[in-house]
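Analysis of the macromolecular model
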Amino acid sequence: MRTRWMTAALAAGVLTLAACGGGGDDTSGGSGPGGLELPKIDKLASVGAGEGVVNIVSWAGYVEDGTTDKAVDWVTGFEKETGCQVNNKVAGTSDEMVTLMKTGEYDLVSASGDASLRLIYGGDVAPVNTDLIANYRDVFDGLKNKQWNAVDGQPYGVPHGRGANLLMYRTDTVTPAPTSWSAVFDPASPHKGKITAYDSPIYIADAAVYLMATKPDLGITNPYALDDTQFQAAVDLLKQQNELIGEYWSDYTKEVQAFKAGNSVLGTTWQVIANLSKADGAPVEAILPTEGATGWSDTWMIGAKAAHPNCAYLWMNHIISPEANAGVAEWFGEAPANKLACAVTVAKDHCATFHADDEAYFGKVWYWTTPLARCVDGRTDVTCKDYSAWTQAWTTIKG
Amino acid sequence: MRRYLRLAALLSAPLLWLVVAYLGSLAVLLVSAFWTVNGFTGGVVREFSLANFRTILTEEVYRNVTLRSVGVAASVTVICVVLAVPMAYFMAKVASRRSRPWLVIAILTPLWASYLVKAYAWRVLLAPGGPLESLFGVTAGYGLPATVLVLAYMWLPYMILPIHAGLERLPDSLLEASADLGARAGRTFRAVVLPIIVPSIFAGSIFTFSLSLGDYITVQIVGGKTQLIGNLVYANIGAANNLPFAAAIACIPVLIMVIYLVAVRRSGALEEL
């Protein structure tokens, strides 16, 4: 008797909820990737007084207020000048950024190319009125109106900077110094169990970049456009690499700690992690391997439901100002977006080192891009694996 | 009539909690497991689909992870039983009457410390070249053995306490009678003590088993690249933003626990909780 009552209550609950959830969204086809309609969201017409607060989702090292390093601070001055208190949330992966922006609680995001289009077509970010951002005119033309930060000529954000994912190693244990990604894929590696890799489906592209150089007969022309055979080859390579991996990382502090303690001695990294590890006294070096690498070209985007749009515009103008942009570029280890930033970097050759205006160099760097079923390299005779297939494969790779 | 009214007033709040918050969230979980996510924008598509369950059943990796998680939970439970029975016996029967409350407090104190602090402490202990290695010349390193070890450490008090409670109810006279009849310690344990504490052991195992089955933090900290069910749920919510698929995966431990509870119920352990 008692159990029957419980079953009935449970069933009633399920039915109610099913009924509530039944009014699903319409799924009419559109013109965007995956047949999606571009959501109509208005851009801001004019910037008024700041609202006192701005909430940001960013990559580690993009929003520094002097707490990590006293000399590294481009937030305090902005807060004093505009009265906008900056609240920053650091995200470890692009997927996490998309998830956070979907909550609608954040005004700004420093989105990479594998998040930006998902945010635009998901209706999570608004188009940007670049007339309201004075520093926009000094941004390198090579970064404006690209397929990851604009749709039909309408910018959805301001370019922040770009760089490559690097190979980091401990100089005391890894000799001779590696020059190729083969160091992290070689099944006979002497560093088995102490190799690390980035814990995100987008890391599959790193394997694809390596295969482009080592297995040309696969015919990969873009690591984000992989058909069935190419995708399978990349997944197999990563499954084989899994035997060598000690830990995967997505939290940058965990990687700093692992390299410092020596649990990891070799693996993919960002320049900022190498800098932090060195500052912590770990004997590490980071290089761009000969095969080229994946990388990022980041864009500051404003949330579609931003509660503090004025402060958000003020921040977007501030973060690409020559001084702030130079500060981030040097701290994070990337090429700045503002051409005037090159004149104010502490290291005078920073822009040359990071190839700020060297489009040929960035031809070798594959910016993170969302993989789509309609191949992003323009092939129409095959279907490519889309991001959800990448996500599922990533679980399989880790076993 | 007034008695029923009073009873209803008394029970309505907890019943509401049980039905709305507890069963309700389970129902939401079950329903959303049948939805899917748009692969590109990450928006939830609210249409009935069995795709999530098909993936879980057909992809080998989910079977492996499930078996691994059950294996970890079972090993942790066995280790806890082996350690907890003698400890609980000592606390309840051997130690002097005055020291007994202090022993119980000693068992409880680790529960006061934060879970994360304990897990990170083990990360330091287990590190290559860390304290364990310099002391014993060997360390488990990060991986599956380390995960089992740390989880067993975490959940041991939850095993000791029910067994201790069960042993306290065991009259000393039974042990004396057994000895008077000529049984040695081993025989007394097998024939008298064990049958009485078996339900307590099962009661404790519900805690250790279910807590281990759902854990994803310890394994992230000391498990190296090991994935358990909890990690898959976490990765699908946090990284992949695929809540429906996470819900479908979360149904696996729910199902395992239901089977486990039904099995345990037959031993009478639920009365020991």
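Rules of the game
- Residues numbered from 1 in each chain as written.
- Chains lettered and ligands numbered in written order.
- Predicted model: local features only at pLDDT ≥ 70, side-chain atom pairs only at ≥ 80, totals over all residues.
- Helix = DSSP H or I, 4+ residues; strand = E, 2+ residues; numbered from the N terminus.
- Rg over C-alpha atoms; globule rule 2.2 N^0.38 Å.
- Buried ≥ 20, exposed ≤ 12 C-beta atoms within 10 Å, placed from the backbone.
- Contact = placed C-beta atoms within 7 Å.
- pLDDT = per-residue confidence, 0-100.
- Domains from an automatic or database assignment.
- Nonpolar A, V, L, I, M, F, W, Y, C, P; charged D, E, K, R; others polar.
- Expected span 1.5 Å × (residues − 1).
- Pairing = 2+ DSSP bridges.
- Core = buried A, V, L, I, M, F, W, Y, C linked by C-beta atoms within 7 Å.
- Axes fitted to C-alpha atoms, helices over the stretch in contact; angles between N-to-C directions.

Right, let's get into the overall build of chain A. Within chain A one finds 14 helices and 15 strands. In summary, chain A has a C-alpha radius of gyration of 22 Å against a globular reference of 21 Å for 399 residues, a match within 12%. In terms of overall dimensions, chain A has C-alpha extents of about 70 × 60 × 50 Å along its principal axes. Counting only residues that meet the buried cut, chain A has 54% of its 399 residues in that class. In chain A, of all internal contacts separated by at least 6 residues, the share reaching a separation of at least 24 is 71%.

With that settled, consider the confidence of the model for chain B. On average, residues of chain B score 88 in pLDDT, and 95% of them are at 70 or above. Two summary scores accompany this predicted model of the complex, namely pTM at 0.77 and ipTM at 0.72.

This next bit is on the domain arrangement of chain A. Residue and element names in this part refer to chain A. Taken as a whole, chain A is organised into domain 1 (53-163 + 297-359) and domain 2 (166-269 + 371-398). Across the boundary between the two partners, domain 1 contributes 6 residues, which contact 5 residues of domain 2. Broken down by class, the residue content of the side of domain 1 that touches domain 2 amounts to 1 nonpolar, 3 polar and 2 charged.

By a widespread convention, an interface's size corresponds to the accessible area lost as its parts come together. Parsing chain B into structural domains produces domain 1 (1-28) and domain 2 (60-272). Using only C-alpha atoms to locate each centre, domain 1 of chain B and domain 2 of chain B end up separated by 32 Å.

What follows covers helix 12 (residues 243-265) of chain B. The terminal C-alpha atoms of helix 12 of chain B, which comprises 23 residues, lie 32 Å apart, in line with the 33 Å expected from a rise of 1.5 Å per residue. Every buried residue belonging to helix 12 of chain B is among B:Pro244, B:Phe245, B:Ala246, B:Ala247, B:Ala248, B:Ile249, B:Ala250, B:Ile252, B:Pro253 and B:Val264, and all of these are buried.

Residue and element names in this part refer to chain A. Residues Ile195 and Ala197 line one face of strand 9 (residues 195-198) and the alternating positions Thr196 and Tyr198 line the opposite face, and both faces are buried. Note: strand 9 against strand 11 (residues 266-269), 2 bridges, orientation parallel. Across the sheet, the residue bridging to isoleucine 195 is leucine 266, located in strand 11.

As a further point, take the nonpolar core. In terms of nonpolar packing, the biggest core is built from 122 residues, with A:Leu108, A:Ile204, A:Ala234 and A:Trp315 touching the most fellow members. When residues of this core are assigned to domains, at least three fall in each of domain 1 (53-163 + 297-359) and domain 2 (166-269 + 371-398) of chain A. Core analysis: the next-biggest nonpolar cluster, separate from the first, contains 53 residues, B:Ala33, B:Ala84, B:Ile221 and B:Phe245 among them.

On to the sheet that holds strand 12 (residues 284-287) of chain A. Residue and element names in this part refer to chain A. Spatial strand order, 10-9-11-8-12: 5 strands in an open sheet with mixed pairing. Two strands bound the open sheet, and with one partner strand each, they are strand 10 (245-249) and strand 12. Taken over all neighbouring pairs, the strand axes of this sheet differ in orientation by 25° on average, direction set aside. Here strand 8 (residues 166-170) pairs with strand 12 via 4 bridges, running antiparallel. Within strand 12, the position partnered with methionine 168 by the bridge is alanine 286. Contacting strand 8, strand 9, strand 10, strand 11 and strand 12, helix 8 (residues 252-261) runs over the sheet at an angle of about 150° to strand 10.

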